[in-house]
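One-letter residues, chain by chain:
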Amino acid sequence: MHYEITSKVITFFIESEKRKNPSKSTFGHLASKLSNEDLERVCSALVLQFRHMARSTQRTQLLTFLKTFLAYFESSGSAFPESYNEWQLFLLNFFQFYLTDTSWSQATTKTRSSEWGVVATIFKFWVAEELVPIGVVIPSITKKSVKSFASQQPLLGKDSSVQTPQDQTPMKTLVNVNFAATADIYLAEVERLCREKISIIQSVCLAHWEALMSDGAKGRKLSKSSHQIQDVIDSGVYAEKMVHYHTPISFASPAHPEGYKWGISVTRELLKHGVETKCVSTATIQKSEFFIPSIFRPLGYSELETQTSMPVDAFMQLTNYAQFARFVELLSSLDAAVACCLLSIEHPEFTSESLQNAKLLNARGKSYLLVTDNAESALLSLDKPRARRRKTVTLTPTAQKLVNDIIAWTALTRAVMKNAGDKAWRYLFVGFGKGGNLCALSPTTVKLTSLVHGRSLIRLYPILQEHGLFSGTFDYRRIRTTMGVLRWFETGSIKEMSIRLGNSNRVALEHYLPPSLLYAWNTRIIRRFQNTLIVIAAFNEDFLLDVTDFSSPAELQDFILQLLSEYPAKSSPLAKILHRRFDEKFSTFAEHKNVGDSEAVLNLRLSPLALSCLYAYSDYSMKTMTTDKLIAVDVNTNLSPMQFVELARMIRHACENEVIASDLRELLDVSRLRQIHHQAIAGLPSLAARISHFSVNKQQ
């Protein structure tokens, strides 16, 4: 970051490794009485403070502070303060100006109060640099408010910004679940739907990535040899006569029977021997003797439609150059976004910012990807900017294959960028950008959900929108939060969840689990209480079902039965009224209220295979079954799938938690159970794969 001062404006240049040309921020100072020497002191201090910040932060803080700072001197006509008293008076006047003056901004007082924290930090830095005398009191604002992180860390499928019209059924929780359901069924439904959304994202992204790798391999297979291309160059003849054409057809023309093969081959050669980032740009390709000038406008190679492994509907939405680039092994921002989704699922320890700006190599060319001695696993470390440290994880097989695919695909691109002197060659995601120029990619959320600008994942694969994944409900942060909450569902342990997210226990507890899950739980409590009041008030009216949140009389009846069961007649004035109005109508319910022996003990005799089967069935049920199917009781066994799910969950909790309640420890042989658990987990993937292909066929 550096600056230039002229007679009229101050221009800050903000550099970035991902861009050759720095971005500019310009501020006018013509009307102020500040001298160039004063401006030099201010700008030097700002550069010193901001130079290690992120590029976007530098721009934001410059705008927040310097625009108002210069506006104050322009408005007041005062000189730059020098002495202790002058600085103290200036800070008080500037503080009042910042909060109340509307000539420089129309922001609300709340917004200005929030931004003053940034301004105060800058003045504190000036004190440390002795630009401001020591001892000067910097005004501060203490705001008291109830902070809710629910909107900051939502799960997949939850869009807190969307307001539902009054005439539609509102999305009141993370998912649309029945308020009449019991607490355990409610949470089970939240877990199931979260798993369903993660599963659909994972399957779509894996299919996209496998199709990309397949197209790249097919491009290598279709390519002409280097000798064939060199022979054409040596001969100087770049076209040949074709039947039905009066003039010779260029080898890489779409009209040539093998034009797409020549096009892929020549572009691969350009990439292989390229020394600048424009070596495979649309402009460079169009200038080649092999191609026609309008190669990518508007036709492109229609034959690629029959060669791609992508779904045709999705493939046809890509630009002609993007279709072509898949077979040349050039990565796009959309492909990088797909990889980020998969890595977020496999390793939620990495934040979205870490993944989008991941570097494969450090400044000395040393790889951040370390292969272990047995070559069966690898370690990858990425920066976590907010934590100001690097996070290292052992890659899962899926993540390791993904990273290796990226390295192989981007090897030539990376070499060209390095030879061209582009500092961005060290980033993990490099490929083609605007105009086909090679650059570091920006796999932002726009590439996942945009319906306006460019191509996005939800446009290519409508199944995502069908499952409630669209703009405002689908991003890397939601994937990461959902994976952390699912880990809590699996283990019941905040510690395990914090390990999964790569955070401390406190951060996981304060910023992930309570906001994401308790927000839905608290909303459910409020809605149930509201419906309780409605039921009591309109208990004898024909429109009772219409004014509650229930879609059928059966749901309403279940809700009333739960209220009668959970709240005894003398527990509260509201419960007394409830029982007085409904006890007679639901008297048969009391006969079944206390069925069973609460002192009974369940005896289990498990083998690793039996426990693997239980886990596999539990996971399969949560992913595929609806709530009704989960609680449906079989007439022959009097058992429901939910009972097996809860049994599997209890055993997992006992085996994966370090701390177990003493009464549970007395009932379980924990050491033996954990030994069987680890053996069962090892055999789970193959068994789960087999169960996923099971089906029931009716025999005639």
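Residues numbered from 1 in each chain as written. Predicted model: local features only at pLDDT ≥ 70, side-chain atom pairs only at ≥ 80, totals over all residues. Heavy atoms only, no water.

Enquirer: How should the overall build of the protein be read in this particular structure?
Expert: In terms of helices and strands, the protein carries 30 helices and 10 strands. Long-range pairs, those at least 24 residues apart, make up 63% of the contacts in the protein with a sequence separation of at least 6. (Helix = DSSP H or I, 4+ residues; strand = E, 2+ residues; numbered from the N terminus. Contact = heavy atoms within 4.5 Å.)

Enquirer: Is there a simple way to think about the side chain of N531 in this case?
Expert: For N531, the position within the fold is in helix α21 (residues 513-537). Note on N531: relative accessible area 2%, which makes it buried. (Buried < 20%, exposed > 50% of the residue type's maximum accessible area, 1.4 Å probe, protein only.)

Enquirer: What is the right way to read the pattern of salt bridges from this model?
Expert: It is possible for side chains bearing opposite charge to pair when their charged atoms get close. In total, this model carries 13 salt bridges according to the counting rule given. With its nearest N and O atoms 3.2 Å apart, the salt bridge here joins R268 to E329. In this pair, R268 sits in helix α7 (residues 259-272) while E329 sits in the loop between α11 (320-328) and α12 (333-346), placing the two residues 61 residues apart along the sequence. Using a relative accessible area of 12% as the deciding quantity, one classes E329 as buried. Among the salt bridges present, the one from R478 reaches D475, with a minimum N-O distance of 2.6 Å. Here D475 falls in the buried class, since its relative accessible area comes to 12%. Bridged by salt links that share partners, the residues D38, R41 and E82 form one connected network. (Salt bridge = Lys/Arg side-chain N within 4 Å of Asp/Glu carboxyl O.)

Enquirer: Explanation requested: a nonpolar patch on the surface in the structure shown.
Expert: On the surface, a cluster of nonpolar side chains totalling about 240 Å² of accessible area is made up of Y617, L639 and F644. Mapped onto the elements of the fold, L639 is located in the loop between α26 (627-631) and α27 (641-656). (Patch = residues over 30% accessible without salt bridge, like charges linked within 9 Å, V, L, I, M, F, W, Y side chains within 5 Å. Areas by Shrake-Rupley, 256 points an atom, 1.4 Å probe, with all protein chains shown as cover.)

Enquirer: Got a minute to help me understand the environment of M622 in this structure?
Expert: Within the secondary structure, M622 is located in helix α25 (residues 608-624). Taking the C-alpha atoms as reference points, M622 and E196, separated by 426 residues in sequence, lie 8.4 Å from one another. Apart from the residues lying within four places of it in its own chain, the contact partners of M622 are A188, E191, R192, R195, L630, V645 and R649.

Enquirer: Can you help me understand the pairing of strand β1 (residues 2-5) in this one?
Expert: In summary, the side chains of a regular strand alternate between the two faces of the sheet. Relative to strand β2 (residues 9-16), β1 runs antiparallel, the two being bridged by 4 bridges. Within β2, the position partnered with I5 by the bridge is I10. Connecting β1 to the next strand, β2, in antiparallel fashion are 3 residues. (Pairing = 2+ DSSP bridges.)

Enquirer: Please explain helix α14 (residues 397-419) as it appears in this structure.
Expert: Owing to its 3.6 residues per turn, the α-helix brings residues three or four apart onto one side. With 23 residues, α14 extends 32 Å from end C-alpha to end C-alpha; this agrees with the ideal 33 Å at 1.5 Å per step. Remark: the principal bend of α14, roughly 50°, maps to T410. Directly beyond the C-terminal end of α14, a positive phi value near 80° is found at G421. (Expected span 1.5 Å × (residues − 1). Bend = angle between axes of the 7 residues up to and from the residue.)

Enquirer: Just checking my understanding: could you explain the environment of H467 for this structure?
Expert: By secondary structure assignment, the location of H467 is in the loop between α17 (463-466) and α18 (476-491). Judged by relative accessible area, which is 25%, H467 ranks as partly exposed. Taking the C-alpha atoms as reference, H467 lies 9.6 Å from I201; in sequence the two are 266 residues apart. Once you skip the residues sitting within four places of it in the chain, H467 turns out to touch E196, K197 and I200.

Enquirer: Could you clarify how one ought to interpret the nonpolar core in this entry?
Expert: For soluble globular proteins, the rule of thumb is that nonpolar side chains tend to be buried together. Ranked by internal contacts, the top residues of the largest apolar core, which has 98 residues, are I201, F290, F429, L464 and F474. By residue number, the principal contributor to this core is helix α5 (residues 183-222), which donates 13 residues. What F290 contacts, discounting residues up to four positions off in sequence, is I229, V232, I233, Y238, S250, F251, A252, S253, W262 and V266. (Core = buried A, V, L, I, M, F, W, Y, C linked by side-chain atoms within 4.5 Å.)

Enquirer: When you look at the confidence of the model for the protein in this model, what are you seeing that I'm missing?
Expert: Low pLDDT marks regions whose predicted coordinates should not be analysed in detail. Of all residues in the protein, 81% have pLDDT values of 70 or greater, and the mean over the chain is 79. Low pLDDT, under 50, characterises residues 145-151; the stretch is placed with 7 contacts to residues that sit more than four places away or in other chains. In this model residues 589-598 is a low-confidence stretch, pLDDT under 50, and it forms 4 contacts with partners more than four residues away in sequence or in other chains. (pLDDT = per-residue confidence, 0-100.)

Enquirer: Is there a simple way to explain the packing of aromatic side chains in this structure?
Expert: Working definition: an aromatic ring pair is given by the centre-to-centre distance plus the angle between the planes. All chains considered together, the criterion is met by 32 aromatic pairs. Consider the rings of F90 and F94, whose centres lie 5.6 Å apart with planes at 15°: the pair is stacked. In this pair, F90 and F94 are both assigned in helix α3 (residues 84-100), 4 residues apart and thus about one turn of the helix distant. This pair shows no difference in class: F90 is buried, exactly as F94 is. An angle of 80° between the planes, with centres 6.2 Å apart, marks the rings of F90 and F123 as edge-to-face. Here F90 is found in helix α3, whereas its partner F123 is found in helix α4 (residues 109-128), with 33 residues between them in sequence. Here F90 matches F123 in class, with each residue buried. Residue placement shows R652 over the ring face of Y615; its charged tip is 4.4 Å from the ring centre. (Phe/Tyr/Trp six-rings, centres within 6.5 Å; stacked < 30°, edge-to-face > 60°. Lys NZ or Arg CZ within 6 Å of the ring centre and 35° of its normal.)

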